[in-house]
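Observations on the three-dimensional arrangement
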Amino acid sequence: MTDTTAVAIVGAGVIGLAVAWRAAAAGHQVTIFDPRPVRGGASWVAGGMLAPVTEAWPGEEDVLELGEESLRRWPSFAADLAAEGMDPGLSTAGTVVAAFDSADAGQLDILAGYLHRLGRQASLVPGRQLRKTEPGLAGAVRSGLLVPGDLAVDNRALLRALHAGARRRGAHFVAERVTGLDGRTVRTETAEHRFRAVVLAAGAWSARLHPELCGQVRPLKGEILRLRARRATLPPPSGTIRAMVEGRPIYLVPRAGDELVLGATQYEAGFDETVTARGVRELLEGAERVFPSVAEYELTEARAGLRASSADNLPYLGVLDDGVFAATGHHRNGLLLAPVTADAALAWLAGAPTPPGVHRAHPGRMRSEERV
């Protein structure tokens, strides 16, 4: 089958769906290939944090710049979805970053100093003051960072909204696995399809579909738990809580209906998506030490997903040698970077300049570094 006017998107996680929705709304004929759309990828098991500031670290200024550019686009991105009758559950409650012991507090001091030097808004406060913001925090929490500008989103509401929005705009979904790409030709197990343009947004599987990404995109396994407060327990925190517990990161993100998403495990485990007893234990133990009421919550779900990681934590956004547009390698920031990635792909389709910061994420940067 040949279609020389349409746009193919490989992958229906948050990145592929965001590109599909924006491209279809701009008048493109969009076809999305994914055997498990919406629920099959890492986006379905994400925490939903939109937090470039609290994710920041010295030496990753390009990552911070791109994240902040996308964060600025998030309110209008969410408003456009809501205007079509699909609320993605955007929260403006901000983030609390808690340090459990002296070593964790030291790491928080480094982050706070770094952010202040960059002029970012973040307040370092003692544990007593932190508990006034979130009364459910444990008394052992030593200090914390208040980051009012961070946002959060209900990842599953977002995915459903993007899926529905793309369909309403005329996008066509093909529930088949892509076996290969040859320029603008997309091969599945049953047919070959030719398009005017192809966007590769297959997450951790992208390296298997394009030789330029081989060795550049790798899977990083992450586990999440979903819990629900019970009648006799404290409710979930009012906003996102991130914490360091004896050097291990953890996050607690509230959801509607007294639900709580708990996560932050990260393993090199190839394409293994099983949930491990160790991962569940580490998450629950860490969460209980930071927010003790979690111990009495109902455990409703345990899942694992595969983040698509790059060597320098920047995604790959740009045209590969055969003309395919790469939109992959977003690591922990797929939800955060969905708006700027969709706008970058849309600019590429229109032959227009990409958003600020996107040029630093061009796939060719790794080859340039190898030649130096």
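Residues numbered from 1 in each chain as written. Predicted model: local features only at pLDDT ≥ 70, side-chain atom pairs only at ≥ 80, totals over all residues. Heavy atoms only, no water.

**Concerning the domain arrangement of the chain**
Many analyses report the size of an interface as the accessible area lost when the parts associate. Split by domain assignment, the chain resolves into domain 1 (6–77 + 155–217 + 311–367) and domain 2 (95–148 + 219–309). The C-alpha centroid of domain 2 is placed 27 Å from the C-alpha centroid of domain 1. In this complex, domain 1 contributes 35 residues to the contact, which on the side of domain 2 involves 32 residues. Summed over both sides, the interface of domain 1 with domain 2 buries roughly 2800 Å², with 57% coming from carbon and sulfur. (Domains from an automatic or database assignment. Contact = heavy atoms within 4.5 Å. Buried area = accessible area lost by both parts, 1.4 Å probe.)

**Looking at the sheet that holds strand 13 (residues 197–200)**
Taken in spatial order, the 6 strands make up an open sheet running 9-2-1-13-20-19, and their pairing is mixed. Bordering the open sheet on either side are strand 9 (172–174) and strand 19 (316–319), each of which pairs with just one other strand. Strand after strand, the sheet turns through a mean of 20° between neighbouring axes, direction not considered. Relative to strand 20 (residues 325–328), strand 19 runs antiparallel, the two being bridged by 4 bridges. Following the sheet pairing, L317 is matched in strand 20 by A327. Taken strand by strand, helix 1 (residues 14–25) contacts strand 1 (7–10), strand 2 (30–33), strand 9, strand 13 and strand 20, and its axis lies near 170° from that of strand 2. (Pairing = 2+ DSSP bridges. Helix = DSSP H or I, 4+ residues; strand = E, 2+ residues; numbered from the N terminus. Axes fitted to C-alpha atoms, helices over the stretch in contact; angles between N-to-C directions.)

**Examining unusual backbone geometry**
Positive phi values are uncommon outside glycine, yet V38 reaches one of about 75°. Locating V38 in the fold gives a position in the loop between strand 2 and strand 3 (49–50). The backbone of N313 shows a phi angle near 70°, a positive value even though the residue is not glycine. Residue position: N313 is located in the loop between strand 18 (298–309) and strand 19. The class of N313 is partly exposed, set by a relative accessible area of 21%. (Buried < 20%, exposed > 50% of the residue type's maximum accessible area, 1.4 Å probe, protein only.)

**Considering helix 8 (residues 338–350)**
Its 13 residues give helix 8 an end-to-end C-alpha distance of 18 Å, which sits within 8% of 18 Å, the value for a rise of 1.5 Å per residue. All of the buried residues in helix 8 are A338, P339, V340, T341, A342, A344, A345, A347 and L349. On its buried side, helix 8 packs onto strand 1, helix 1, helix 2 (61–83), strand 13, strand 19 and strand 20. Directly after helix 8, the chain includes G351, whose backbone phi takes a positive value near 70°. (Expected span 1.5 Å × (residues − 1).)

**Things to note about the packing of aromatic side chains**
A complete count under the given rule lists 5 aromatic pairs for this structure. Residues F33 and F195 carry aromatic rings whose centres are separated by 5.9 Å and whose planes lie at 85° to one another, so their mutual orientation is edge-to-face. Taken together, the positions of F33 in strand 2 and F195 in the loop between strand 12 (192–194) and strand 13 put the pair 162 residues apart, joining distant regions of the chain. Here the two residues F33 and F195 agree in accessibility, since each one is buried. A ring pair is formed by F325 and W348, whose centres lie 4.9 Å apart and whose planes are at 25°; its orientation type is stacked. Residue F325 is located in strand 20, and its partner W348 is located in helix 8; the two are separated by 23 residues in the primary sequence. (Phe/Tyr/Trp six-rings, centres within 6.5 Å; stacked < 30°, edge-to-face > 60°.)

**Topic: the UniProt feature "domain: FAD dependent oxidoreductase" (unreviewed entry) in the chain**
Using the residue numbers shown here, the UniProt feature "domain: FAD dependent oxidoreductase" (unreviewed entry) corresponds to residues 7–345. Secondary structure across residues 7–345 divides into 29% helix and 29% strand, with the first and last C-alpha atoms of the span separated by 11 Å. (UniProt positions renumbered as here; feature names shortened; annotations may be inferred.)

**Examining the packing of helix 1 against helix 2**
When two helices pack together, their arrangement is given by the angle between their axes and by how far apart the axes lie. Here helix 1 crosses helix 2 at 65°, and the two axes come no closer than 13 Å. Compared by their axis directions, helix 1 and helix 2 come out roughly perpendicular. In this structure, helix 1 meets helix 2 at a crossing whose hand is left-handed. Contacts from A18, W21 and R22 of helix 1 reach helix 2 at F77, D80 and L81. The residue inventory of the contact of helix 1 with helix 2, partitioned by class, reads 4 nonpolar, no polar and 2 charged. (Parallel < 35°, antiparallel > 145°, perpendicular 65-115°, else oblique. Left-handed = near helix turned anticlockwise from the far one by under 90°. Nonpolar A, V, L, I, M, F, W, Y, C, P; charged D, E, K, R; others polar.)

**Structural notes on the environment of Q266**
Turning to its location among the elements, Q266 is positioned in the loop between strand 17 (259–263) and helix 7 (277–290). Accessibility expressed as a relative area gives 38% for Q266, which makes it partly exposed. Taking the C-alpha atoms as reference, Q266 lies 4.7 Å from G222; in sequence the two are 44 residues apart. Among residues more than four places away in sequence, those in contact with Q266 are L220, K221, R307, H331 and R332.

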